[in-house]
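Each chain is listed here by its residues.
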Amino acid sequence: MQNIIDGFLKFQREAFPQRSALFKQLASTQSPGTLFITCSDSRVVPELLTQQEPGDLFVIRNAGNIVPSYGPEPGGVSATVEYAVAVLGVSDIVICGHSDCGAMTAISTCKCLEHLPAVANWLRHAESAKVINAARHHASAADHLDALVRDNVIAQLANLKTHPSVALALEQGRLNLHGWVYDIESGAIAALDGNSQRFVSLAEHPHTCALASQPSSAA
Ligand SMILES: [Zn+2]
């Protein structure tokens, strides 16, 4: 823990003064353009891998970068999505899975989760990815996991669209959805191309989008 406190002291001494004008501006307002949803995994650092500053990203993190479908008893993820879209008016939502994901490994290896009832319950929100993935042939366990990580990003994008605030913003043409998979070892990102439903290199195709909404003609 001491390294955490030492880090804070260093932040106060060095990083904070360098950004004092930014923090002064952010003291009473925020207008992040993007909601970034990713896994709690310690190796995935949204602000680092997108090179964003405080105030730029509104972030949701949980095991498996999961967004439960909207339902009669919305939870914390649903409330945060709603606030980001309906109040902050973000123009983009990224769902970012990653390589070597523990949550997806638990699903792909059918690990017994009886001793982890909360995890087992939570991962049921990835059930459609699990079923679709299980119906495919995989050359190896590694391929199986990589495909499941991607299928889960696609499944969570579908879940996201069940949220009323998201559905409305899409209908009004003011929201774009992005599905990414970050590779920890290489630092590469594969992005879902909504047209082909395939993942492509974001570096080679920087305008790739899972769902670019168009302003409704009926609006
Ligand atoms: Zn993970």
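Parameters at a glance
Every chain is numbered on its own, with residues counted from 1 as its sequence reads. Confidence filtering applies because this is a predicted model: local features only for residues at pLDDT of at least 70, side-chain atom pairs given and counted only at 80 or more, and all residues used for totals across whole chains, interfaces and linings. Processing note: side-chain calculations cover all non-hydrogen atoms of the structure and skip hydrogens and water entirely. The pairing test for Phe, Tyr and Trp rings, Trp by its six-membered ring, is centres within 6.5 Å, and the orientation test on the planes gives stacked under 30 degrees, edge-to-face over 60, and tilted for anything in between. Numbering of helices and strands starts at the N terminus; helices are DSSP runs of H or I of at least 4 residues and strands are runs of E of at least 2. Burial here depends on accessible area, computed with a 1.4 Å probe over protein chains only, as a share of the maximum for the residue type. Under 20% is buried, over 50% is exposed, and the range in between is partly exposed. Whenever a carboxyl oxygen of Asp or Glu lies within 4 Å of a side-chain nitrogen of Lys or Arg, that contact is scored as a salt bridge. Counted as coordinating are nitrogen, oxygen and sulfur atoms within 2.8 Å of the metal, or 3.2 Å for Na, K and Ca, while water is not included, which may make sites look incomplete. Lines fitted to C-alpha atoms define the axes here, with helix axes fitted over just the stretch in contact, and angles between the N-to-C directions of these axes take values from 0 to 180 degrees. Orientation is classified from the angle alone, with under 35 degrees giving roughly parallel, over 145 giving roughly antiparallel, 65 to 115 giving roughly perpendicular, and any other angle giving oblique. Put simply, a crossing is left-handed when the front helix is turned counterclockwise from the back one by less than a right angle, and right-handed when it is turned clockwise. In this description, contact between two residues means that some pair of their heavy atoms is separated by no more than 4.5 Å. Three classes are used: nonpolar for Ala, Val, Leu, Ile, Met, Phe, Trp, Tyr, Cys and Pro, charged for Asp, Glu, Lys and Arg, and polar for all others, with Gly counted as polar. To form a nonpolar core, buried Ala, Val, Leu, Ile, Met, Phe, Trp, Tyr and Cys residues must be joined to one another through side-chain atoms within 4.5 Å.

Student: It is not clear to me how the packing of aromatic side chains should be interpreted in this structure. Could you clarify?
Tutor: Evaluation of the coordinates by the stated rule reveals 6 aromatic pairs. Considering the side-chain rings of phenylalanine 11 and phenylalanine 23, the 6.2 Å spacing of their centres and the 80° angle between planes classify their relative orientation as edge-to-face. A residue pair is termed long-range when its members are at least 10 positions apart, and phenylalanine 11 in helix α1 (residues 2-18) and phenylalanine 23 in helix α2 (residues 20-26) qualify at 12 residues. Under the relative-accessibility criterion, phenylalanine 11 is labelled partly exposed at 33%. Chaining the aromatic ring pairs together yields one cluster made of Phe8, Phe11, Phe16 and Phe23.

Student: It is not clear to me how the pattern of salt bridges should be interpreted in this structure. Could you clarify?
Tutor: A pair can form between side chains of opposite charge whenever their charged atoms are brought close. Under the counting rule described, the total for this entry stands at 5 salt bridges. In this structure, aspartate 41 engages arginine 43 in a salt bridge whose closest nitrogen and oxygen atoms are separated by 2.7 Å. Overall, arginine 43 belongs to the partly exposed group, its relative accessible area being 36%. Ionic pairing is found between aspartate 100 and arginine 43, a salt bridge with its closest N-O pair at 2.8 Å. Here aspartate 100 is found in the loop between β3 (92-98) and α5 (102-108), whereas its partner arginine 43 is found in the loop between β1 (34-39) and α3 (46-49), with 57 residues between them in sequence. Judged by relative accessible area, which is 44%, aspartate 100 ranks as partly exposed.

Student: Would you take a moment to explain the coordination of the zinc ion for this structure?
Tutor: As a benchmark, a tetrahedral metal site with four donors has ideal angles of 109.5 degrees, while an octahedral site with six donors has ideal angles of 90 or 180 degrees. Cys39 (SG), His98 (NE2) and Cys101 (SG) make up the full set of protein donors to the zinc ion, lying at 2.0 to 2.3 Å. Mapped onto the sequence, the donors of the zinc ion take the spacing C-x58-H-x2-C. Residue cysteine 39 is located in strand β1, and its partner cysteine 101 is located in the loop between β3 and α5; the two are separated by 62 residues in the primary sequence. Each member of the pair, cysteine 39 together with cysteine 101, is buried.

Student: Is there a simple way to explain the packing of helix α4 (residues 76-87) against helix α9 (residues 164-171) in this structure?
Tutor: A pair of packed helices is captured by two measures, namely the crossing angle of their axes and the spacing between those axes. As a packed pair, α4 and α9 sit with axes 8 Å apart at the nearest point and diverge in direction by 30°. Classified by the angle their axes make, α4 and α9 are roughly parallel. Here α4 runs over α9; the crossing is left-handed. Contacts from Val81, Glu82, Val85 and Ala86 of α4 reach α9 at Ser165, Val166 and Ala169. In terms of residue class, the contact of α4 with α9 is made up of 5 nonpolar, 1 polar and 1 charged.

Student: Looking at this structure, how should I read the nonpolar core?
Tutor: For soluble globular proteins, nonpolar side chains are generally found buried alongside one another. By size, the foremost hydrophobic cluster in this structure holds 41 residues, and its most contacted members are Leu35, Ile37, Val81, Ile93 and Leu160. Ranked by residues supplied to this core, first place goes to helix α8 (residues 141-160) with 7 residues. What leucine 35 contacts, discounting residues up to four positions off in sequence, is Phe58, Val59, Ile60, Val81, Ala84, Val90, Asp92, Ile93 and Val94.

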